[in-house]
Amino acid sequence: MIQVTDLSKSYSRGDKGLVHALVDVSFEIAKGEFVVVRGASGSGKSTLLNLIGCLDVPTSGRYLFAGEDVADYRDKQLARIRNQKIGFIFQSFNLLPRTTAIENVELPLVYLDGRVDRKRALAALERVGLAARARHFPNELSGGEQQRVAIARALINSPGLILADEPTGNLDQKAGAEVMGILQELHKEGRTILLVTHDDEVARYARRELFLRDGRIISDRTLPGHGHSTAIGGAR
Amino acid sequence: MKIHALISQATRVTRRYPLRSTLMTGGVLIGIASLALLTSVGEATKHLTMQRFKNMIGTFDTLMVRPGGAKSRGMPTLVNVPPTLRFDDAQAIAQLPEIKSVAEMQSAFDIDIKYRDKTASPGVFGVSPNWLALRSDELAEGNFFTEEQNSALARVAVIGTDVRSALFPEEDPLGKTIRIAEVPFQVIGILQSRGAGPAGGSLDNVILIPVSTASRRLFNRDYLTMLIAQLRDPNQADIVTSEVQTLLRYRHSIRPPELDDFTVTNPRATMARVTQAGNTLSRILTGVSVLALLIGGAVIMGLMSIAVSERRNEVGVRRSVGASQSDIVVQFMFEALFVALMGGLGGVAIGCGAVLLGARMRMMPANLLWQPFAQGIVLSLVIGLLCGIYPAWKASRIDPIQAIRF
């Protein structure tokens with residue numbers, strides 16, 4: 001699913017020179033894996049997630065996404081991949097304000113073919129148990145509900161890869177558990193999940209852990225599964 | 001993005017920020033409304049002025065000569081006539097080869113007209129029998145007087161429609177005898193209505209009688225209020241004007257540096273001057289409206305640029321769910337276009353309403369022309385397009401990684 005070879009990303013920070021956010025990172029993630037990325041802040045987690053999510057392009061290296069070499073892709077092609085093959089879930093939900101839940105969920109459809117399909121959006125909301133809240137605005141929903149709307153939005157185009165950046169960071173324990181329960185279901189359906197978190201409880205849902213420090217992967221290990229001892233996929 | 005998706009996104013954004021949308025729409029709306037209104041009124045007024053001018057002058061292949069120097073521009077006045085233009089002047093002008101014919105006119109405005117118990121005080125005009133043809137006037141009923149009647153000082157009269165309704169509300173005036181300053185005249189014809197003159201007054205409150213009868217039996221005058229000389233070739237108006245001037249200066253023994261005691265007017269030139277003034281006015285008004293439109297455009301551009309900064313997160317989110325940079329450009333351009341068009345349509349509606357209302361309250365002519373409104377809508381689209389460019393470009397430059405709150 002994801003094949004990263006010698007991936008590097010450097011930013012210019014004005015007079016401080018280049019910042020090497022990622023240095024020669026290589027790994028593979030097979031279809032259907034549930035991987036957690038961990039590391040201190042500034043270790044390159046977010047940069048990695050942006051590159052994998054096709055929001056950013058690497059300075060050097062190769063990135064094969066589902067067999068497509070996307071490292072040299074242009075804006076439009078990257079946008080298409082984000083739209084159809086990747087679902088993003090953020091810590092702060094990032095729903096559009098003053099826009100109803102269902103309209104938020106429909107947003108990716110606007111960039112798919114411009115045909116807004118109410119039924120599909122409603123089905124996605126149903127999936128996260130919020131069909132009854134379709135007409136509510138984000139500020140009328142609890143944090144957990146907002147995150148579930150965001151998950152419905154991530155799911156509407158049935159992407160193979162879900163990228164979740166601290167999805168439970170702004171939620172209480174119960175709401176966090178609900179969200180992780182949904183992610184677990186998505187994993188069971190065969191979707192690949194890449195999760196960034198600081199939370200040990202949350203990390204335990206994953207089967208494999210990548211640990212980053214100073215832009216390099218310093219550890220890549222299989223985690224004991226919840227009730228399943230066999231990890232799917234695994235390190236190279 | 002497909003067009004209907006663009007429209008639904010734009011309407012949502014417009015509803016999401018009602019105050020901002022109202023402000024953005026407002027500038028264009030005021031601009032378009034005033035542009036449409038002013039252009040409509042300007043055009044209609046110009047049209048009306050030309051129409052009235054034409055009503056008064058009749059034909060354009062003529063020169064008008066009236067006594068007295070040219071102290072004021074525009075229309076000749078018909079009262080306070082200096083005694084400097086005479087019948088023999090008219091005959092001399094008629095001898096010029098370029099002149100087809102000459103019509104003489106004397107007038108008086110303080111004469112009472114009576115028919116039984118009814119009275120009226122129209123303008124009384126003594127005119128030569130060719131008057132009707134030179135003014136391209138028409139008779140509604142009856143006949144005009146002939147050369148013979150003129151020579152014979154016949155007491156016959158042709159009346160305008162205002163006089164008819166004042167003196168003969170229920171009777172057929174033809175053949176009836178009216179008294180003009182106690183002199184009996186027989187009504188032999190009725191003029192067709194001419195409508196309003198340049199100042200807005202009626203041109204139908206008139207009585208025409210033979211000029212010789214007027215001169216000898218009524219006014220006791222041998223000088224003219226005006227004469228109209230018809231040209232053989234209307235394109236020679238300027239040359240013939242100076243010929244007539246030379247002739248009259250010679251006949252009146254005027255030598256430089258003395259000034260003319262008469263005035264020759266070329267209706268075509270006067271007309272051109274009147275329309276010119278109307279044009280200038282229209283242009284100034286249009287300029288003011290365009291300025292208002294530009295301000296409206298600047299408001300859109302400014303508010304949208306601010307909105308782009310406030311909507312960084314939205315742009316980031318849209319990019320993350322699959323919007324390309326060009327999708328963002330198109331979205332913001334379309335929003336600007338949409339808002340401007342809403343303003344344009346609103347302005348057209350208000351402008352239309354104002355024209356109709358003004359016409360209804362009889363404050364202005366009711367000509368509802370489509371051009372200013374089409375112009376307004378096209379202009380608002382252009383403004384939306386131009387003013388959307390910068391905000392759209394700015395929005396597309398937003399880096400989604402920095403715009404999304406992780």
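Nothing here was measured: the structure is a model prediction, and the numbers come from that model.

What about the overall build of chain A?
- Secondary structure summary: chain A contains seven helices and 10 strands in total.
- Burial analysis of chain A (236 residues in total) assigns 45% to the buried set.

A short note on the overall build of chain B
- A tally of regular secondary structure across chain B gives 13 helices and 12 strands.
- Within chain B, buried positions represent 38% of all 406 residues.
- Partitioning the contacts of chain B with sequence separation of at least 6, the portion at a separation of at least 24 is 83%.

Here's the deal with the nonpolar core
- By size, the foremost hydrophobic cluster in this structure holds 113 residues, and its most contacted members are Ala152(A) and Ile300(B).
- With 12 residues, helix α11 (residues 325-360) of chain B is the single largest residue contributor to this core.
- Beyond its immediate chain neighbours, meaning those up to four positions away, Ile300(B) contacts Met24(B), Gly27(B), Val28(B), Ala336(B), Val339(B), Ala340(B), Gly384(B) and Cys387(B).
- Counting 48 residues, the second largest nonpolar core, distinct from the first, contains Val158(B), Phe185(B), Ile209(B) and Leu224(B).

Focus on the pairing of strand β11 (residues 226-231) of chain B
Residues and elements named next belong to chain B.
- In terms of residue burial, β11 counts as a mostly covered element, since five of its six residues are buried.
- In this sheet, β11 lies alongside strand β1 (residues 62-67) in antiparallel orientation, the contact comprising four bridges. Across the sheet, residue Leu-63 finds its bridge partner in β11, namely Ala-229.

A short note on the sheet that holds strand β2 (residues 18-29) of chain A
Residue and element names in this part refer to chain A.
- Across the sheet, four strands lie side by side as β2-β1-β4-β5; this open sheet has antiparallel pairing. Among the strands making up the open sheet, the edge pair consists of β2 and β5 (68-69).
- Where strand β1 (residues 2-12) and β2 come together, eight bridges link them in antiparallel fashion. In the sheet register, Lys-9 faces β2, and the bridge partner there is Leu-22.

Details of the sheet that holds strand β7 (residues 161-165) of chain A
All names here are of chain A.
- Read across the sheet, six strands follow the order β6-β7-β8-β3-β9-β10 without closing on themselves; strand pairing throughout is mixed. The sheet is open, and its two borders are formed by β6 (86-89) and β10 (216-222), each paired with just one other strand. For this sheet, the mean inter-axis angle between neighbouring strands, taken without regard to orientation, is 20 degrees.
- As defined by bridge partners, strand β3 (residues 34-39) adjoins strand β9 (residues 208-213) across five bridges and the pair is classed as parallel. For Val-37, the partnering residue across the bridge sits in β9 and is Leu-210.
- Helix α1 (residues 45-52) rests against β3, β7, β8 (192-196) and β9 of the sheet, and its axis sits at about 155 degrees to β7.
- Packed on one face of the sheet, helix α5 (residues 143-155) meets β6 and β7 and runs near 170 degrees to β6.

Describing the interface of chain A and chain B
- If you look at the interface, chain A gives 28 residues, while chain B gives 25 residues.
- Residues that form the side of chain A that touches chain B fall into these classes: 11 nonpolar, eight polar and nine charged.

Side note on helix α1 (residues 3-16) of chain B
- Taking 1.5 Å of rise per residue, the 14 residues of α1(B) would be expected to cover 20 Å, and the 20 Å separating its terminal C-alpha atoms lies within 8% of that figure.
- Those residues of α1(B) lying buried are Ala5(B), Leu6(B), Gln9(B), Ala10(B) and Val13(B). The arc that holds every buried residue of α1(B), seen down its axis, measures 130 degrees, which confines them to one face. Facing away from the buried side of α1(B) by over 90 degrees, the exposed positions are Ile3(B), His4(B) and Arg15(B).
- Elements in contact with the buried residues of α1(B): α3 (101-112) of chain A together with α11 of chain B.

Structural notes on the packing of α3(A) against α5(A)
Residue and element names in this part refer to chain A.
- Put simply, α3 and α5 touch, their axes get as near as 7 Å, and they point 30 degrees apart. On the basis of their axis angle, the class for α3 and α5 is roughly parallel. The chirality of how α3 crosses α5 is right-handed. Within the contact between the two elements, α3 uses Ala-101, Asn-104, Val-105, Leu-107 and Pro-108 and α5 uses Val-149, Ala-152 and Arg-153.
- Considered class by class, the residues forming the contact of α3 with α5 number six nonpolar, one polar and one charged.

Some words on α1(A)
All names here are of chain A.
- Among the eight residues of α1, seven are classified as buried, and the element is accordingly described as predominantly covered.
- Residues Lys-45, Thr-47, Leu-48, Leu-49, Asn-50, Leu-51 and Ile-52 constitute the buried set of α1.
- Following α1 by one or two positions, Cys-54 has its phi on the positive side, about 60 degrees.

Things to note about the confidence of the model for chain B
All names here are of chain B.
- Put simply, chain B has an average pLDDT of 85, and 93% of its residues get 70 or more.
- The least confident element of chain B is helix α2 (residues 18-57), whose mean pLDDT is 80; the most confident is strand β7 (residues 156-159), at 95.
- Across residues 72-76 the pLDDT falls below 50, and counting only partners more than four positions away or on other chains, this stretch makes five contacts in the model.
- Complex prediction metrics read pTM 0.70 and ipTM 0.91.

Structural notes on the pairing of strand β2 (residues 99-108) of chain B
All names here are of chain B.
- Relative to β11, β2 runs antiparallel, the two sharing six bridges. Bridged to Ala-103 within β11 is Ile-228.
- Where β2 meets strand β5 (residues 123-127), four bridges bridge the pair, whose relative direction is antiparallel. Looking across to β5, one finds that Gln-106 is bridged to Gly-126.

Conventions we followed
- Residues numbered from 1 in each chain as written.
- Chains lettered and ligands numbered in written order.
- Predicted model: local features only at pLDDT ≥ 70, side-chain atom pairs only at ≥ 80, totals over all residues.
- Helix = DSSP H or I, 4+ residues; strand = E, 2+ residues; numbered from the N terminus.
- Buried ≥ 20, exposed ≤ 12 C-beta atoms within 10 Å, placed from the backbone.
- Contact = placed C-beta atoms within 7 Å.
- Core = buried A, V, L, I, M, F, W, Y, C linked by C-beta atoms within 7 Å.
- Pairing = 2+ DSSP bridges.
- Axes fitted to C-alpha atoms, helices over the stretch in contact; angles between N-to-C directions.
- Nonpolar A, V, L, I, M, F, W, Y, C, P; charged D, E, K, R; others polar.
- Expected span 1.5 Å × (residues − 1).
- Arc of directions from axis to C-beta.
- Parallel < 35°, antiparallel > 145°, perpendicular 65-115°, else oblique.
- Left-handed = near helix turned anticlockwise from the far one by under 90°.
- pLDDT = per-residue confidence, 0-100.

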